[in-house]
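Observations on the three-dimensional arrangement
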Amino acid sequence: MSKVYNWQLGREMEYPYDAAFPDRQFAFVFNLNRCIGCQSCTMACKSTWTFSKGQEHMWWNNVETKPYGGYPHHWDVKLLSLLEQSNPGGQTWNGQPADVKAPYGQFKGRTVFEAATTHISPEGAQRALGYLPTDEEWASPNRFEDNPSGSEKGHRGQLAFSSGANTPQHKTWFFYLARLCNHCSYPACLAACPRNAIYKRPEDGIVLVDQERCRGYRKCMEACPYKKTLYRGTTRTSEKCIGCFPRVEGRDPDGGGIPMQTRCMAACVGHIRLQGLVQMNADGSWKEDRQHPLYYLVHVAKVALPLYPQFGTEPNGYYIPPRWVPRPYLRQMFGPGVDAAVERYSNPDRELLAVLQLFGKDARMCFRYEIKEGPKVFENSIRGRKFELFDDTVIGYGADGTKIIETKVEEPLHVRPSQHANSI
Amino acid sequence: MPKNESDPEDPLELNGVALLTNEDTHGEMVVCFTEEFMRLGYNASKILALFRDPFYIGPSMVTQEKGEAFVHDIISETFKAWNRECDLTPPQQPQAEDLVP
Ligand code: SF4
Ligand code: SF4
Ligand code: SF4
C-alpha cells in the first residue's frame with residue numbers, strides 16, 4: 001500500500017499503487033435540482049456504445065430514483081453497510097472546511113481501501129472492500145422507479161395503459177440520481193484488477209479496461225463502490241463507460257476538431273450536465289483555474305459535491321444536491337459540504353446565476369468563461385435575504401479559444417410554432 | 001401475463017421500501033421546480049400545468065397530497081419574489097378528473 005493524498009477527504013489514505021495524475025482530468029457537474037428522469041442520457045449511451053449482443057443488461061449511464069431505486073439494486077446501501085460493519089460508528093467527518101486541499105474538512109472513517117485490510121471475503125483478501133452483485137441485482141434497472149400511470153389525451157381519468165402495471169406511487173420526497181463511471185483519481189476497479197488490465201489515461205484521466213488483457217475475473221466489479229464495471233458474457237470480459245474518449249479527444253467530426261462533451265452529457269434535455277477537463281497539480285488537487293466553469297462550481301462556489309466521497313476513490317463526478325431532500329440523507333451521500341452548497345444554490349449570487357447558464361448550451365466542451373456585466377433587473381428580498389438580479393452575459397470558450405456559447409442570465413425563450421414543431 | 005398474486009421469487013416484484021423519513025418537503029419541492037422552470041422561461045400557468053400532469057410524478061404528487069391551492073400560492077409567491085408577471089388566475093377547486101390516482 002502507498003500513502004496518497006485524497007483532497008476530498010482532507011487527508012492521506014492508503015492505496016495499492018503510487019499516486020499518478022493526468023495533465024487534465026475528465027470531470028462533470030450534474031445539477032440534480034433539474035433532472036427530470038427522462039433517461040435521454042441513458043439511451044444516448046446505449047445507442048452509441050452498448051447495443052451489441054451480450055451488452056443488453058449494460059447501462060453505462062443510468063438514472064435511478066433515490067432513495068428507492070438503484071442499479072444494481074441497493075448498491076449504495078450495501079456499500080455503506082459493509083463500511084459500517086467494518087468500522088461501527090466510526091464513519092464520520094470532522095475538522096473545518098479549509099482550502100482546496102480539504103474543502104470539506106477531514107474524513108475520520110475508513111475508505112474502501114482501508115477497510116479491505118481488515119476484511120477477508122469468502123474468496124480471500126480484497127484490495128478494496130466490496131461485493132459482487134448477483135445477476136438479479138443487475139436486472140430490471142428501473143425497479144423502484146417512480147411510475148407514472150397517466151391518461152390518454154382526451155380521456156382524462158382513464159388509465160392509458162390498461163394492460164400495464166399500475167404500481168404504487170412514492171408518497172414522499174424523491175429525486176433522480178444520474179450516474180456514470182466517475183473516472184476516479186484512485187480507481188478501485190484499477191486497484192483490484194489482478195491482470196493490470198485497467199488503466200487511467202495520462203492525457204485525460206479516463207479509466208479504461210484493456211479488452212486484450214481482461215480475462216473476466218470481475219474483481220473490478222467487486223471493487224468498484226459505484227458498481228460501474230459490468231461483465232459481458234459473450235466476450236467474457238468486463239466493460240465500462242469509456243468516457244466517450246473519441247469526443248473528448250476532439251475526434252468527433254461534429255466538434256470541428258475541438259473536444260466535445262460526451263454523448264450522455266450532450267443529450268441531456270434537462271440541461272443538468274456540464275462536463276469538461278480540469279487541470280491537476282502534481283499532488284492531485286485541482287490547479288487554480290478561476291475562469292473554468294467546473295473549477296468555479298467545485299472550488300469557488302462549492303455548490304457541486306462528490307458522490308459518496310467517503311468511499312475514497314476520489315470520484316470526478318460532482319453533484320449540485322437537490323434542495324428539497326432532507327439534509328441527513330444528502331450529507332450521507334455528498335458529505336459535509338451539503339448545507340453550504342444547498343444554501344448557496346438556493347440563494348444564488350450574480351456569478352453563479354451566470355455560470356449556471358452554461359449548462360446544456362453547446363455540445364463542445366467549455367474551458368473558460370467570461371462574464372460581461374449587464375444592467376440590474378431588480379432588487380428584492382427572497383426568503384428574508386437581499387437578492388439582486390443582473391442581466392449579465394456569459395461567454396464560454398472551447399479548447400482552442402473558439403467562442404462556443406454566448407447567452408444572458410435573462411435568456412429569451414422562443415417557442416417554435418406548432419406547425420413547425422418537428423422541423424429543424 | 002398480468003397477475004394479481006405477489007411472487008417473492010420474481011426479480012421484478014416490488015418489495016417494501018422503508019422510508020428514511022416522512023419529513024414534509026413538498027413546499028420546498030414546489031419552490032425548487034417553480035424556480036427552475038421559471039428560469040428556463042416557463043410562465044406560471046405552464047408551470048401549474050406540470051403540477052397537474054400525472055406524468056410528472058414529483059409535481060403531481062404534491063398536488064395530490066396538498067391540493068392545487070397550495071401549489072398555486074407558492075408559484076405566485078415565487079414569481080412575485082423574482083419580480084416576474086404571474087399569469088395565474090385565483091385558484092379553483094381541482095376537478096376530480098384532473099387528479100388521476
Ligand atoms: S467509478 Fe468505479 S469503474 Fe469508474 S473509475 Fe471509479 S472505481 Fe473504476
Ligand atoms: S461518457 Fe460516453 S460511454 Fe460514458 S456513460 Fe456517457 S455516453 Fe456512455
Ligand atoms: S437526460 Fe438529463 S434530465 Fe434526462 S434523465 Fe438524463 S440527466 Fe436527467
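Summarised in this report is the structure supplied together with it. Just so it is clear, the structure is predicted and the values come from calculations on it, not from any experiment.

Reading the values: rules and limits
- Residues numbered from 1 in each chain as written.
- Chains lettered and ligands numbered in written order.
- Predicted model: local features only at pLDDT ≥ 70, side-chain atom pairs only at ≥ 80, totals over all residues.
- Heavy atoms only, no water.
- Buried < 20%, exposed > 50% of the residue type's maximum accessible area, 1.4 Å probe, protein only.
- Helix = DSSP H or I, 4+ residues; strand = E, 2+ residues; numbered from the N terminus.
- Pairing = 2+ DSSP bridges.
- Contact = heavy atoms within 4.5 Å.
- Axes fitted to C-alpha atoms, helices over the stretch in contact; angles between N-to-C directions.
- Phe/Tyr/Trp six-rings, centres within 6.5 Å; stacked < 30°, edge-to-face > 60°.
- Lys NZ or Arg CZ within 6 Å of the ring centre and 35° of its normal.
- Near = heavy atom within 4 Å.
- Nonpolar A, V, L, I, M, F, W, Y, C, P; charged D, E, K, R; others polar.
- Arc of directions from axis to C-beta.

With that out of the way, let us pick up the pairing of strand E3 (residues 24-31) of chain A. All names here are of chain A. The element E3 is largely enclosed, with a buried count of 7 among its 8 residues. Where E3 lies against strand E14 (residues 273-279), 7 bridges are found, and the strand directions are antiparallel. Looking at the pairing, Phe30 lines up with Arg273 of E14.

To continue, consider the sheet that holds strand E15 (residues 305-306) of chain A. Residues and elements named next belong to chain A. The strand order E14-E3-E16-E15 describes an open sheet built from 4 strands, whose pairing is mixed. At either margin of the open sheet sits one strand with a lone partner, and together these are E14 and E15. Sitting on the sheet, helix H9 (residues 293-300) is in contact with E3, E14 and strand E16 (317-320), with an inclination near 90° to E14.

Next up on the list: the packing of aromatic side chains. Residue and element names in this part refer to chain A. In total, this model carries 27 aromatic pairs over all chains according to the counting rule given. Plain terms: the ring middles of Tyr296 and Tyr369 are 6.1 Å apart, the flat faces sit at 70° to each other, and that makes the pair edge-to-face. Here Tyr296 is found in helix H9, whereas its partner Tyr369 is found in strand E17 (residues 368-372), with 73 residues between them in sequence. Across the pair, Tyr369 and Tyr296 agree in class, each one buried. Pairwise contacts between aromatic rings join Tyr15, Tyr17, Phe21, Phe113 and Tyr186 into one cluster. It is Lys227 that lies over the ring of Tyr131; its NZ or CZ is 4.6 Å from the centre.

All names here are of chain A. Close to ligand 2 lie Cys45, Trp49, Trp60, Asn61, Leu180, Cys241, Ile242, Gly243, Cys244, Thr262, Arg263 and Cys264, which account for all nearby residues. When contributions to the shell around ligand 2 are tallied by element, the ones reaching two or more residues are helix H1 (40-49) and helix H8 (263-266). Here the residues of the shell around ligand 2 are counted per class, giving 8 nonpolar, 3 polar and 1 charged.

The next subject is helix H10 (residues 327-334) of chain A. Residues and elements named next belong to chain A. Of the positions making up H10, those classed as buried are Tyr329, Leu330, Met333 and Phe334. The arc that holds every buried residue of H10, seen down its axis, measures 105°, which confines them to one face. Considering only its buried residues, H10 is in contact with strand E4 (62-66), helix H2 (75-86), strand E9 (175-179), E15, E16 and helix H11 (338-346). Two residues or fewer past H10, Gly335 is found with a positive phi of approximately 85°.

Before going further, it helps to examine unusual backbone geometry. Note: most residues except glycine have negative phi, and most peptide bonds are trans. All names here are of chain A. In this structure, Pro67 follows Lys66 across a cis peptide bond, with omega equal to 10°. Mapped onto the elements, Pro67 comes out in the loop between E4 and H2. For the bond running from Tyr71 to Pro72, omega is -5°, close enough to zero to count as cis. With respect to the element layout, Pro72 can be found in the loop between E4 and H2. Positive phi values are uncommon outside glycine, yet Lys227 reaches one of about 55°. With respect to the helices and strands, the residue Lys227 is situated in the loop between helix H6 (219-223) and strand E12 (229-232). Despite not being glycine, Lys302 shows a phi value in the positive range, around 55°. Take Lys302: it is sitting in the loop between H9 and E15.

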